[in-house]
Amino acid sequence: MTPSVVAALIDHTLLKPDTPQTGVEQLCREATEFKFATVCVNPTWVKLACEQLRSTQIGVCAVVGFPFGANTTDIKRHEAERAILDGASEVDVVINVGALRSGDLNLFEHDIGNVVQVCRENDVISKVIIEAALLTNEQKVLACQIAKTVGAMFVKTCTGFGLGGATVEDVALMRKTVGAGIGVKAAGGVRDYDTLQAMLRAGATRIGSSSGVYIVQEVASRMPRT
């Protein structure tokens, strides 16, 4: 794979709570230089990121209900609406983990379904973060099935702020569950090219990483010299 192909698979991510404005501006400069798929930021930075990337084809991805997924559905819906109003072209929403683990599937489906609906109405890509490290395999499968049912465009492994990051096993299970119709995003702990390749082989079609620059530079360093 070439550096440009790899970069186009990566959501260049900066979600730390202590991120200053200069950090977001740097993120956007890097995205412009390396041509990442999107920058992934907290909602407070969506408008700034959109302004920084206005003259590019790079998207802005906003996280919703982040990182715990424990907001009420109306708050998540409003958060998604506001992020889209500020210019987000993609929304990554964290599931209500507690509802799923309690077996309250009506609440679980209603919760993510509302955010997916907002995205669909505004022609915005929706990704559902299942926070796999907190779930059994059966719950992971159920979360992915419901995300597909409500029309999500991606399922995503985790926030990167939980107990664990993406694993090859989780990505493979998610891909098997959703089939070829929707995307699978591997996020959390993808910090080098070998890990990225492993996730792609397992079925990922998008990568979330705060190490995008390092990964692309690593790919470039492996290219044969002419």
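Refer to the structure above for everything that follows.
Parameters at a glance
- Residues numbered from 1 in each chain as written.
- Predicted model: local features only at pLDDT ≥ 70, side-chain atom pairs only at ≥ 80, totals over all residues.
- Heavy atoms only, no water.
- Phe/Tyr/Trp six-rings, centres within 6.5 Å; stacked < 30°, edge-to-face > 60°.
- Helix = DSSP H or I, 4+ residues; strand = E, 2+ residues; numbered from the N terminus.
- Buried < 20%, exposed > 50% of the residue type's maximum accessible area, 1.4 Å probe, protein only.
- Lys NZ or Arg CZ within 6 Å of the ring centre and 35° of its normal.
- 1 Å grid on protein atoms, 1.4 Å probe; cavity = no way out; pocket = protein on both sides within 12 Å on 5 of 7 lines; lining within 4 Å.
- Points joined across faces, edges and corners; volume = space filled by probe spheres on them.
- Nonpolar A, V, L, I, M, F, W, Y, C, P; charged D, E, K, R; others polar.
- Salt bridge = Lys/Arg side-chain N within 4 Å of Asp/Glu carboxyl O.
- Core = buried A, V, L, I, M, F, W, Y, C linked by side-chain atoms within 4.5 Å.
- Contact = heavy atoms within 4.5 Å.
- Axes fitted to C-alpha atoms, helices over the stretch in contact; angles between N-to-C directions.
- Parallel < 35°, antiparallel > 145°, perpendicular 65-115°, else oblique.
- Left-handed = near helix turned anticlockwise from the far one by under 90°.

(A) Expanded view of the packing of aromatic side chains. All chains considered together, the criterion is met by two aromatic pairs. Relative to F161, the ring of F66 lies with its centre 5.4 Å away and its plane at 80°, an arrangement referred to as edge-to-face. Of this pair, F66 sits in the loop between strand 3 (59-64) and helix 4 (73-85) while F161 sits in the loop between strand 6 (154-156) and helix 8 (168-178); the two residues are 95 residues apart in sequence, bridging distant segments of the chain. Taking relative accessible area as the criterion, F66 reaches 19% and is therefore assigned buried. For the cation-ring pair, K127 lies above F154, with the distance from its terminal atom to the ring centre recorded as 5.8 Å.

(B) Spatial organisation of unusual backbone geometry. Here the residue pair F66 and P67 is connected by a cis peptide bond, since its omega of 0° sits within 30 degrees of zero. Mapped onto the elements, P67 comes out in the loop between strand 3 and helix 4. With a phi angle near 65°, K35 is a residue other than glycine that sits in the positive phi range. Summarising the element assignment, K35 is placed in the loop between helix 2 (21-34) and strand 2 (38-41). Residue D123 is not a glycine yet carries a positive backbone phi of 55°. Among the secondary structure elements, D123 is positioned in the loop between helix 6 (105-121) and strand 5 (125-129).

(C) Region of the structure containing the layout of surface pockets. Volume-wise, the largest pocket comes out at about 420 Å³. Lining the largest pocket we find 21 residues, and of these T13, G160, F161, G188 and S210 sit closest to its centre. For the lining of the largest pocket, the secondary-structure elements that each account for two or more residues are strand 1 (10-14), strand 7 (183-187) and strand 8 (206-209). For the lining of the largest pocket, the per-class residue count stands at five nonpolar, twelve polar and four charged.

(D) Quick peek at the pattern of salt bridges. Counted by the stated rule, this structure contains 14 salt bridges. A salt bridge links E81 to R77; the shortest N-O distance between them is 3.4 Å. With E81 and R77 both in helix 4, this residue pair falls four residues apart, about one helical turn. Under the relative-accessibility criterion, E81 is labelled partly exposed at 36%. In this structure, K140 engages D170 in a salt bridge whose closest nitrogen and oxygen atoms are separated by 2.7 Å. One end of the pair, K140, is in helix 7 (residues 137-149); the other, D170, is in helix 8, with 30 residues separating them in the sequence. Neither K140 nor D170 differs from the other in exposure class; each is buried. Salt bridges here are not isolated pairs; linked through shared partners, they connect D11, E90, D92, K127, K156, K185 and R206.

(E) Fine view of the nonpolar core. Membership of the largest hydrophobic core comes to 67 residues, with the highest contact counts inside it found for V39, I95, V128 and I130. Residue contributions to this core peak at six residues, all from helix 6. Beyond its immediate chain neighbours, meaning those up to four positions away, V39 contacts H12, L27, C28, A31, A49, L53, I58, G59, V60 and C61. In terms of nonpolar packing, the next biggest core, distinct from the first, is built from seven residues, L15, C61, V63 and I129 among them.

(F) The arrangement of the packing of helix 8 against helix 9 (residues 193-202) in detail. For the pair helix 8 and helix 9, the least separation of the axes is 8 Å and the interaxial angle reads 25°. Of the possible angle classes, the one that applies to helix 8 and helix 9 is roughly parallel. Between helix 8 and helix 9 lies a crossing of right-handed hand. Residues V168, V171, A172 and R175 of helix 8 form the contact with helix 9, whose own contacting residues are A198, M199 and A202. For the contact of helix 8 with helix 9, the residue count by class is six nonpolar, no polar and one charged.

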